[in-house]
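# Descriptive analysis of the structure
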Amino acid sequence: MINHKSLYTSLALLVALCFQTTELFAQQSSWKTEDGWALRKAPGSSRYEKFFAVGVWNIPGYNLQAMEEDQVAYRINAKPYLDKSPLYNLVYLSPGKTKYAKKRVEVTGSITFQETMKAYLDNIQGLKRGIDSDYVRRQYLNKHIEDKHLEYLLDSAIHNLRVTNGDADHIWAPIDEIVNGGAGSGWCWHPSVGKKIKERIKKQEKNTLVYTDLVGIARGNAYLFERKYLQTHDSMPATVPYDALGEDAKIMENRPLLGFLRAYDGRPVYDNGTADYTNYDLETLKTLFYENLKISAAAYKESGDVFGSNTFIDFNTYPVLAGTAVDGIKAGVGEETPVWLYFDGNGYAKPSDLSAKDFAQVLKCQIYTSIIHGATGIMFWNDRSLSPEVFQALEPVLTQLNENIPVITMHTLEKKALNDLHYMIKKDKNRRYVIASNTSRTESIELNIPNGIKRSLKPLEVLISPL
């Protein structure tokens, strides 16, 4: 016999859930990508507009704990700064309904997806545990990516994030440094994982945006090792293939998988048995950055709508690599796909003998060089353990950048890069502008645009000027 009361109750709950989900979705921006840009239709708007992202992760002096340590405190403690600052239109936040004085887009999901997959793998009997277990666990996940139970866990996690975020306007960033496996210390999350997560997100939020930070190290990764290994083998072995590193390879006791981080041509990221970068000259690094990012981006193309890298340590040494990184990623995902790079927003890799003000100028050169090469957004990861000296010194640079967004969003007539000279010409109706940078730390460079402008750019100088 049908229990009509129970049936009516279930129907009422279903209708309420659908109404709640519809209401939440109505508060979200609608996104699409086109010509290298993320286009946003904000809630209540009738048209899509170019969105130049200025994003931030951690606010020094306010976020004293990481998101994964205390998600509630992270969100609450960010509020005082975000309420008063107009500089960032995009912010990484733990999920929650805390309201902010200035409406901005939130980035959500990074911690939840890692925890969801960890919970899934922890429940698989017989999977190896320990310091090199990432290899076995991620091979298993790659082979069982169509497991319906995994889909259920992902769907539940996505739904719970949506409900927890309420009407907070958000995009998604499921796995940080997906090709490096997270902070470069483990094995890669395979392309199938990124593709599956994006697929499940889009089933619930069709018109949202998925941002994928590819790597934290552009010198090499475990995915590139696998790719080269499979050129001579039918499949990856069941256990960690230490023998592939060679008889004389030194294995770090506490981080044994680091030896597998390799460039596209097999060159190692780290000196044998250490956590020190292998020493490569600039021209070699340019080649490694370009080829590694091109191959990785192409492999993970179905993992996101917008792509980036978190490789600012090398950017700080060689600002020209910010342009190389954009070129490499776009060569992999296509010119039409947006790129948003990460930069060092609070001096994590700042040389001790460089002032915060001077370091901010180095960052300015990196930022505009990436824009000249086609980046349509910038992101900042901030070391919250440091005093906010660099974070504050960067504010005038970002104030000027925000003022220049109307120029940056203009149509690009021309782009050119020759060694350390980089420039682009922008046009809007009858107005033309040049954005130029000199990535040399020591030499001035002559900028000469026929029928436009001729002047000398000092080391690390950036120029934004009408023509």
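A short tour of the structure in this document, coming up. None of the values given here were measured: they were computed from a predicted structure.

## As for the overall build of the chain
Across its full length, the chain carries 13 helices and 17 strands. The C-alpha radius of gyration computed for the chain amounts to 23 Å, which stays within 12% of the reference 23 Å derived for 467 residues, consistent with globular compactness. A principal-axis box enclosing the C-alpha atoms of the chain has dimensions of 85 × 65 × 40 Å. Burial status across the chain gives 53% buried among its 467 residues. Taking the intrachain contacts of the chain between residues at least 6 apart in sequence as the baseline, contacts between residues at least 24 apart amount to 66%. Total accessible area computed for the chain in this model is approximately 20900 Å², and 50% of it derives from carbon and sulfur atoms. For the chain, the distance from the average position of its 55 positive side-chain charges to the average position of its 55 negative side-chain charges is 7 Å.

## Points about the packing of aromatic side chains
Where two aromatic rings form a pair, the distance of their centres and the angle of their planes describe that pair. Enumeration according to the criterion identifies 26 aromatic pairs in this entry. Both rings, one in phenylalanine 51 and one in tryptophan 340, keep their centres 6.3 Å apart while their planes meet at 50 degrees; by these two values the pair is tilted. Taken together, the residues span a long stretch of sequence, with phenylalanine 51 in strand 3 (residues 49-51) and tryptophan 340 in strand 10 (residues 340-344) at a distance of 289 residues. Tryptophan 340 carries the same exposure label as phenylalanine 51, and that label is buried. Taken together, Tyr62, Tyr81, Tyr88, Phe289, Phe315, Phe343, Phe380 and Phe391 form an aromatic cluster joined through their ring pairs. One cation-aromatic arrangement involves arginine 138 over tryptophan 189; the distance from NZ or CZ to the ring centre is 3.8 Å.

## Considering the side chain of histidine 373
As for its placement among the helices and strands, histidine 373 is situated in the loop between helix 11 (356-372) and strand 11 (377-381). Since its relative accessible area comes to 10%, histidine 373 is described here as buried. Separated by 3.4 Å, the side chain of histidine 373 and the backbone oxygen of glycine 323 make a polar contact.

## Describing the sheet that holds strand 1 (residues 30-34)
Taken together, the three strands give an open sheet; going across it, the order is 1-2-3, and neighbouring strands pair in antiparallel fashion. Lying at the two open borders of the sheet, with one neighbouring strand each, are strand 1 and strand 3. With direction set aside, neighbouring strand axes in the sheet form an average angle of 40 degrees. As paired elements, strand 1 and strand 2 (residues 37-41) share five bridges and run antiparallel to each other. By the bridge assignment, serine 30 is partnered in strand 2 with lysine 41.

## Section: helix 3 (residues 110-122)
Under the 1.5 Å per step criterion, the end-to-end length of helix 3 is 19 Å for 13 residues, consistent within 8% with the ideal 18 Å. Buried within helix 3 we find Ser110, Ile111, Thr112, Phe113, Thr116, Met117, Tyr120 and Leu121.

## Regarding the pairing of strand 2
Of all five residues that make up strand 2, four are buried, and the element is covered over most of its length. The hairpin formed by strand 1 and strand 2 contains two residues between the paired strands, and aspartate 35 there has a positive phi angle of roughly 55 degrees. Of the pairings in the sheet, the one linking strand 2 to strand 3 comprises three bridges and is antiparallel in character. Each bridged residue has a counterpart across the sheet, and for arginine 40 the counterpart in strand 3 is glutamate 49.

## So, helix 6 (residues 191-204)
Taking 1.5 Å as the rise per residue, helix 6 with 14 residues should run 20 Å; its terminal C-alpha atoms sit 21 Å apart, in good agreement. The set of residues buried in helix 6 consists of Val193, Gly194, Lys196, Ile197, Lys198, Arg200 and Ile201. Looking at the buried positions of helix 6, the neighbouring elements they touch are helix 3, helix 4 (133-143), helix 5 (148-165) and strand 7 (170-172).

## Comments concerning the packing of helix 7 (residues 222-229) against helix 8 (residues 282-299)
Angle between the axes and distance between the axes: these two values describe a pair of packed helices. Look at helix 7 against helix 8: their axes get within 10 Å of each other, and the N-to-C directions meet at 85 degrees. In terms of axis orientation, helix 7 runs roughly perpendicular to helix 8. Contacts between helix 7 and helix 8 pair Tyr223, Leu224 and Arg227 from the former with Asn292, Ile295, Ser296 and Ala299 from the latter. When its residues are assigned to classes, the contact of helix 7 with helix 8 shows four nonpolar, two polar and one charged.

## Here's the deal with the pairing of strand 12 (residues 411-418)
Every regular strand shows the same layout, with side chains that alternate between the two sheet faces. Sheet topology note: the strand 12/strand 13 (residues 421-428) ladder contains seven bridges and is antiparallel. Residue pairing across strands places lysine 415 opposite methionine 424, the latter belonging to strand 13. With antiparallel pairing between neighbouring strands as the criterion, strand 12 and strand 13 make up a hairpin whose turn holds two residues, including asparagine 419 at a positive phi of roughly 55 degrees.

## Some points on the pattern of salt bridges
Per the stated rule, a full pass over the model turns up 26 salt bridges. With its nearest N and O atoms 2.8 Å apart, the salt bridge here joins arginine 200 to aspartate 155. Taken together, the residues span a long stretch of sequence, with arginine 200 in helix 6 and aspartate 155 in helix 5 at a distance of 45 residues. Arginine 200 sits in the buried class, given a relative accessible area of 10%. Its relative accessible area of 21% is what places aspartate 155 among the partly exposed residues. What you see here is one network of salt bridges that share partners, running through Glu146, Lys148, Glu151, Asp155, Lys196, Glu199 and Arg200.

## So, unusual backbone geometry
For aspartate 35, which is not glycine, the phi torsion reads 55 degrees and is therefore positive. Locating aspartate 35 in the fold gives a position in the loop between strand 1 and strand 2. Given a relative accessible area of 63%, aspartate 35 falls into the exposed group. You will see that glutamate 177, though not glycine, has its phi angle at about 55 degrees, which is positive.

## Describing the sheet that holds strand 11
Sheet strands associate in pairs through backbone hydrogen bonding, adopting either a parallel or an antiparallel arrangement. Spatial ordering of the open sheet is given by 7-6-5-4-11-10, a layout of six strands whose pairing is parallel. Unpaired on one side and paired on the other, strand 7 and strand 10 mark the two borders of the sheet. Taking each pair of neighbouring strands and ignoring which way they run, the sheet shows an average axis angle of 25 degrees. Bridge analysis of strand 4 (residues 53-57) against strand 11 gives five bridges, and the strand direction is parallel. Looking across to strand 11, one finds that glycine 55 is bridged to methionine 379.

What counts and how
- Residues numbered from 1 in each chain as written.
- Predicted model: local features only at pLDDT ≥ 70, side-chain atom pairs only at ≥ 80, totals over all residues.
- Heavy atoms only, no water.
- Helix = DSSP H or I, 4+ residues; strand = E, 2+ residues; numbered from the N terminus.
- Rg over C-alpha atoms; globule rule 2.2 N^0.38 Å.
- Buried < 20%, exposed > 50% of the residue type's maximum accessible area, 1.4 Å probe, protein only.
- Contact = heavy atoms within 4.5 Å.
- Areas by Shrake-Rupley, 256 points an atom, 1.4 Å probe, with all protein chains shown as cover.
- Lys, Arg positive; Asp, Glu negative; His and termini not counted.
- Charge placed at Lys NZ, Arg CZ, Asp CG, Glu CD.
- Phe/Tyr/Trp six-rings, centres within 6.5 Å; stacked < 30°, edge-to-face > 60°.
- Lys NZ or Arg CZ within 6 Å of the ring centre and 35° of its normal.
- Polar contact = N/O pair within 3.5 Å; in protein donor to acceptor, adjacent residues only side chain to side chain.
- Pairing = 2+ DSSP bridges.
- Axes fitted to C-alpha atoms, helices over the stretch in contact; angles between N-to-C directions.
- Expected span 1.5 Å × (residues − 1).
- Parallel < 35°, antiparallel > 145°, perpendicular 65-115°, else oblique.
- Nonpolar A, V, L, I, M, F, W, Y, C, P; charged D, E, K, R; others polar.
- Salt bridge = Lys/Arg side-chain N within 4 Å of Asp/Glu carboxyl O.

Purely geometric numbers; function is a separate question.
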